[in-house]
Amino acid sequence: MLRLHDTASGHSEQLETRQPGRAGIYICGSTVYGPPHIGHGRFSLVYDVLRRFLEYSGTVVDHVSNVTDIDDKIINRANEEQRSSQEVAAEYEEQWWQAMAKLGCLLPTEIPHATAFIDQMVELVSELVALGSAYETSDGVYFSVSAVADYGLLAHQSLESMRSGARVEVNEEKRSPLDFALWKKAKPAEPFWPSPFGPGRPGWHTECVVMSLALLGEGFDLHGGGQDLIFPHHENERAQAVALGKRFSRHWMHNGMVEARGGQKMSKSLGNVLLLSDLFEQTDPRAYRLLVLQSHYRAPIEVTPTTLSDAASALSRLDALSTRLFEVDTLESGLTDPQVREAFVERMEDDLDTPRATAALFDAIRRANMAFDAREASRGAELTRAVLECFAAVGLEAKGQAHIPQSVLELGRRRDEARAGRDFAAADDLRAQIVGLGYVVEDTPGGTRIRR
Ligand SMILES: [Zn+2]
């Protein structure tokens, strides 16, 4: 069974789901105000790997990930560009899903949009006000963090120490500097929805608590996001649920950040933000998935030209092995090496230890190549099938010869026949045809090998 580090307890714990065989997970998604960058790519890949591994292990996954389509940043951009916030949100949401498709991330099973849940958000804010856990000011409605005894659970800090560390507040109507906005009253030129507190829009922390509980129900299994969301976003989501007396997420999972060259934090102000669209121009998107897999999800990863090209060359070893399998596979039994799979699963179940799991698979790649070199085709094929299955389980599909169209492979087969019949003119002609279609032709002891 999968064990995962839980941010709330600080320990690795078994992911015991509410309903056996089914996991309800909520991942904080995108605020669609700009093009997605590699940090967005990393968290999407981390949770895609989690979901795929759960599914590979036989668990049905309800994967909910939201789109925040109303937010200060969207409004600012819309005002700067003199268009509506819906237009801005629609444009960047489209870019988001295009990038996720290129990364090979599965679409969430549900994608709630914040603006479709405003009524429920207003209802939740009203309930919190009625309970005395929230209060109205001239610019909005605020949650009173003192309403929750264990506020600071995720941040691993007491309310007292957080309060003393909080920066001096400019808003004098707030009772504590840690209190946060549940509802923001509309200023001129801002989009708004009606509410008992006047026209306005929900706060971000309210969006996620409403959508996760609405779609997954109380006590859903896992809530995830980047480590930058632990505080205040997730702390504040949880606080609202606790104040309402509702069981919130049973498990909290957070992934590490992406660092640019030299361990620098990636940030707009430092000018080192790498957009996913730029990454796709530089490398195969699968290389980024492999780089993410080769790092532990809780550790930071460094994305530089060197780490990306190392991942790309490791990927080419996987693709080359897949080609070797294709050359022998039609003759073989289809057996898969069980030990490779067991070692992979064991490492994945230990807090998704993808670095050790992938290292074991690359060791199996080395052993498979040795077996093929020694003409132990069936041993090589068993190892290779296990490697391909395990990589596919975490969303990394090898692109070997199997992806070369049948018509091209047929030309290779005819070339082998021509050579066997010593018709070298015909063989040369067929080689030229294959090369003309954009492939590389290699002569091997087993006959023609075609590569992209
Ligand atoms: Zn969220």
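A few points on the structure.

Rules and cut-offs
- Residues numbered from 1 in each chain as written.
- Predicted model: local features only at pLDDT ≥ 70, side-chain atom pairs only at ≥ 80, totals over all residues.
- Heavy atoms only, no water.
- Phe/Tyr/Trp six-rings, centres within 6.5 Å; stacked < 30°, edge-to-face > 60°.
- Helix = DSSP H or I, 4+ residues; strand = E, 2+ residues; numbered from the N terminus.
- Pairing = 2+ DSSP bridges.
- Axes fitted to C-alpha atoms, helices over the stretch in contact; angles between N-to-C directions.
- Polar contact = N/O pair within 3.5 Å; in protein donor to acceptor, adjacent residues only side chain to side chain.
- Contact = heavy atoms within 4.5 Å.
- Donors = N, O, S within 2.8 Å, 3.2 Å for Na, K, Ca; no water.
- Disulfide = S-S within 2.5 Å.
- Core = buried A, V, L, I, M, F, W, Y, C linked by side-chain atoms within 4.5 Å.
- Buried < 20%, exposed > 50% of the residue type's maximum accessible area, 1.4 Å probe, protein only.

### Looking at the packing of aromatic side chains
One pass over the structure, following the stated rule, counts eleven aromatic pairs. A centroid spacing of 6.5 Å and a plane angle of 80 degrees characterise the contact between Y56 and F344, whose relative ring orientation is edge-to-face. Taken together, the positions of Y56 in helix α1 (residues 38-56) and F344 in helix α11 (residues 338-349) put the pair 288 residues apart, joining distant regions of the chain. Plain terms: the ring middles of F362 and F391 are 5.7 Å apart, the flat faces sit at 65 degrees to each other, and that makes the pair edge-to-face.

### As for the sheet that holds strand β4 (residues 60-68)
Taken together, four strands build an open sheet; the order of strands is β4-β3-β9-β10 and the sheet is parallel. Every other strand in the sheet has two partners, leaving β4 and β10 (252-255) as the edge strands with one partner each. In this sheet, adjacent strand axes meet at a mean angle of 20 degrees when their direction is disregarded. Taken together, the four bridges between strand β9 (residues 222-226) and β10 define a ladder with parallel strand orientation. Counted as the bridge partner of G226 is N255 from β10.

### A few points about the environment of E410
Relative to the helices and strands, E410 is located in helix α14 (residues 406-420). Polar contacts involving the side chain of E410 include one to the side chain of R413, which spans 2.7 Å.

### Comments concerning the side chain of T283
Structurally, T283 can be placed in the loop between α8 (276-282) and α9 (285-293). The residues touching T283, leaving out its near neighbours within four places in the chain, are L308 and A312.

### Describing the coordination of the zinc ion
On the protein side, the zinc ion has C28 (SG), C208 (SG) and H233 (NE2) as donor atoms, found 2.1 Å from it. Between consecutive donors of the zinc ion, the numbers of intervening residues give the motif C-x179-C-x24-H. Of this pair, C208 sits in helix α6 (residues 204-216) while H233 sits in helix α7 (residues 230-243), and the two are 25 residues apart along the sequence.

### Topic: the state of the cysteines
Tallied over the entire structure, the rule returns zero disulfides. Free of any disulfide, C390 has its nearest cysteine sulfur in C105, 20 Å distant.

### What about the nonpolar core?
Membership of the largest hydrophobic core comes to 66 residues, with the highest contact counts inside it found for L50 and Y288. Sorting elements by how many residues they give to this core places α1 first, with nine residues. Look past the residues within four positions of Y288 in its chain and what remains in contact with it is I38, G41, R42, L45, L103, V258, L276, L279, I301, V303 and L308. L154, A241, F248 and W252 belong to the second-largest nonpolar core, a separate cluster that totals 41 residues.

### Some remarks on the side chain of H5
By secondary structure assignment, the location of H5 is in strand β1 (residues 3-5). Judged by relative accessible area, which is 18%, H5 ranks as buried. What H5 contacts, discounting residues up to four positions off in sequence, is G10, H11, S12, H251, W252, Y297, R298 and D351.

Honestly, it's all geometry; don't read function into it.
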